[in-house]
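Coordinate inspection notes
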Amino acid sequence: MGEDNRLAAVVALAQGMAAAHTPRESWRAAALGACRALDGSFAALSVWERELGRLRVLANVGYRAPEEEEFPEAEAYPVHMFPEITEFLHERWAGGRGPNAWVETAEGAAAGDPGYIHQRVAALRRRGRGCCVVAPVVLHGRAWGELYVARAAGRPVFGRADADFATVLAAVVAAGLAQTERLEEARRLAYTDALTGLANRRAVDIRLEEAVELHRAQGVVVSLVVCDLNGLKRVNDTLGHAVGDRLLERFGSVLSLCGAMVPGALVARLGGDEFCLLAAGPPADDVVKSADELCRRAAELEPGEGVACGVASTEDPIGPVRDARRLFRLADAAQYRAKAERANRPVVAGREGPDDPVVRLADQPPPSRAERRRFRGRRP
């Protein structure tokens, strides 16, 4: 491949990773770009998981063997199977330098430093491949993983120039992975409450809209718990905001623990002293049980005064739920009833008969420009 073509291949790889919206898309773009740049028939991107002592495959592209999935869930290999890795796992590189790529064939080493690696050679033969080039990927100065590109048996064997080019491609992949990490961190921050580490209101709005759409299309049960931490203003006014923040953090941990009782539940801080739990799929009674446990545990938190908790579920007799806003209003109305009555257990919308006061309150036309806080102080 000429210099112009190789430059174009590098640009294409970088652009492919830049266009990725998720880590999986980024991994696939990295492997596919390297496969094309090196005229390979197969490529894989793997990460070295130091804490588990293994090389885990993230993406396989090209002509895959029957056992090779595009995004494998459990394809991993103990590090001791690849002696050349152990050198890299404990090294750091500065100034842009890093380990060079090397070539292996179905007969043994061809170009580069590492010698005969039985496991790799056996894998090449087993999968009908004649050679491969392996390029360590260095991220933030530390070995992150490896880029692996193979050619089918009978095709020209990779040479030293190919190994050198693979080293360059690995550096481009590292830059793309760094960008993906930054984007993922930005997304995480955009949907995470900074104080508690729970999801934030934006994340809840998006997930609730999706859940209600599933309910409308497939009848999936959607349940929402809205809770208000009692006594936070008193704590802030008498003990200081640092103590108040600590109470919020501790309650967030309790909510997370209770949310784990409901498979797939999202727990979030809506803002201030308001939190919620959203579940799509599990029965309403399971969610109410989790909310009951939340009330019990919150009552033990010092220096708080427990929690007011309201629940609304499409499985209960609350009428049709055609949009997310109505479910939110129902859970909110139940929460304010719990607060007004100083209830130590959750109030559940729709469980007090045909003329349920919570449903009645939620369905009243709100005053102009009213928000959820308008319910405060109004007894159903």
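Look up: the structure comes first, before these words.
So, a few notes on the structure that sits alongside this text. All values reported here derive from a predicted model rather than from experimental measurement. (Residues numbered from 1 in each chain as written. Predicted model: local features only at pLDDT ≥ 70, side-chain atom pairs only at ≥ 80, totals over all residues. Heavy atoms only, no water.)

1. What to know about the overall build of the chain
Across its full length, the chain holds 11 helices and 12 strands. Put simply, the chain has 380 residues, and 51% of those count as buried. Just so you have it, the chain exposes about 18400 Å², and 51% of that area is on carbon and sulfur atoms. (Helix = DSSP H or I, 4+ residues; strand = E, 2+ residues; numbered from the N terminus. Buried < 20%, exposed > 50% of the residue type's maximum accessible area, 1.4 Å probe, protein only. Areas by Shrake-Rupley, 256 points an atom, 1.4 Å probe, with all protein chains shown as cover.)

2. Overview of the sheet that holds strand β12 (residues 347-348)
Read across the sheet, 5 strands follow the order β9-β10-β8-β11-β12 without closing on themselves; strand pairing throughout is mixed. In this open sheet, the two edge strands, each paired with only one partner strand, are β9 (266-271) and β12. In the sheet, strand β11 (residues 307-313) pairs with β12 via 2 bridges, with the strands oriented parallel. Paired with Val311 across the bridge in β12 is Val348. Sitting on the sheet, helix α9 (residues 284-298) touches β8 (222-229), β10 (274-280), β11 and β12, and the angle it makes with β11 is about 175°. Sitting on the sheet, helix α10 (residues 324-340) is in contact with β8, β9, β10, β11 and β12, with an inclination near 145° to β11. (Pairing = 2+ DSSP bridges. Contact = heavy atoms within 4.5 Å. Axes fitted to C-alpha atoms, helices over the stretch in contact; angles between N-to-C directions.)

3. Comments concerning the pattern of salt bridges
Taken as a whole and assessed by the stated rule, the structure comprises 26 salt bridges. A salt bridge links Glu293 to Arg296, with the nearest nitrogen and oxygen atoms 2.7 Å apart. Here Arg296 and Glu293 lie together in helix α9, a separation of 3 residues that amounts to about one turn. Note that Arg337 and Glu352 form a salt bridge whose closest N and O atoms lie 3.3 Å from each other. You can see Arg337 sitting in helix α10 and its partner Glu352 sitting in the loop between β12 and α11 (357-362), a full 15 residues away along the chain. Salt bridges sharing common partners tie together Glu67, Glu68, Arg127 and Arg129. (Salt bridge = Lys/Arg side-chain N within 4 Å of Asp/Glu carboxyl O.)

4. Looking at the packing of aromatic side chains
Using the criterion set out here, one finds 2 aromatic pairs in the structure. Judged by centre distance (6.2 Å) and plane angle (75°), the ring pair of Phe42 and Tyr148 falls under edge-to-face. In this pair, Phe42 sits in strand β1 (residues 42-49) while Tyr148 sits in strand β7 (residues 142-152), placing the two residues 106 residues apart along the sequence. Ring geometry for Phe251 and Phe275: centres 4.8 Å apart, planes at 75°, overall edge-to-face. Of this pair, Phe251 sits in helix α8 (residues 241-259) while Phe275 sits in strand β10, placing them 24 residues apart in sequence. We classify Phe275 as buried; its relative accessible area is 0%. Over the face of the ring belonging to Phe42 we find Arg129, whose NZ or CZ atom lies 3.7 Å from the ring centre. (Phe/Tyr/Trp six-rings, centres within 6.5 Å; stacked < 30°, edge-to-face > 60°. Lys NZ or Arg CZ within 6 Å of the ring centre and 35° of its normal.)

5. Quick word on unusual backbone geometry
In this structure, the amide linkage connecting Glu302 to the following residue, Pro303, adopts the cis form with an omega of 5°. Here Pro303 shows up in the loop between α9 and β11. You will see that Asp39, though not glycine, has its phi angle at about 55°, which is positive. Within the secondary structure layout, Asp39 lies in the loop between α2 (23-37) and β1. The backbone of His140 shows a phi angle near 55°, a positive value even though the residue is not glycine. If you trace the backbone, His140 turns up in the loop between β6 (129-139) and β7.

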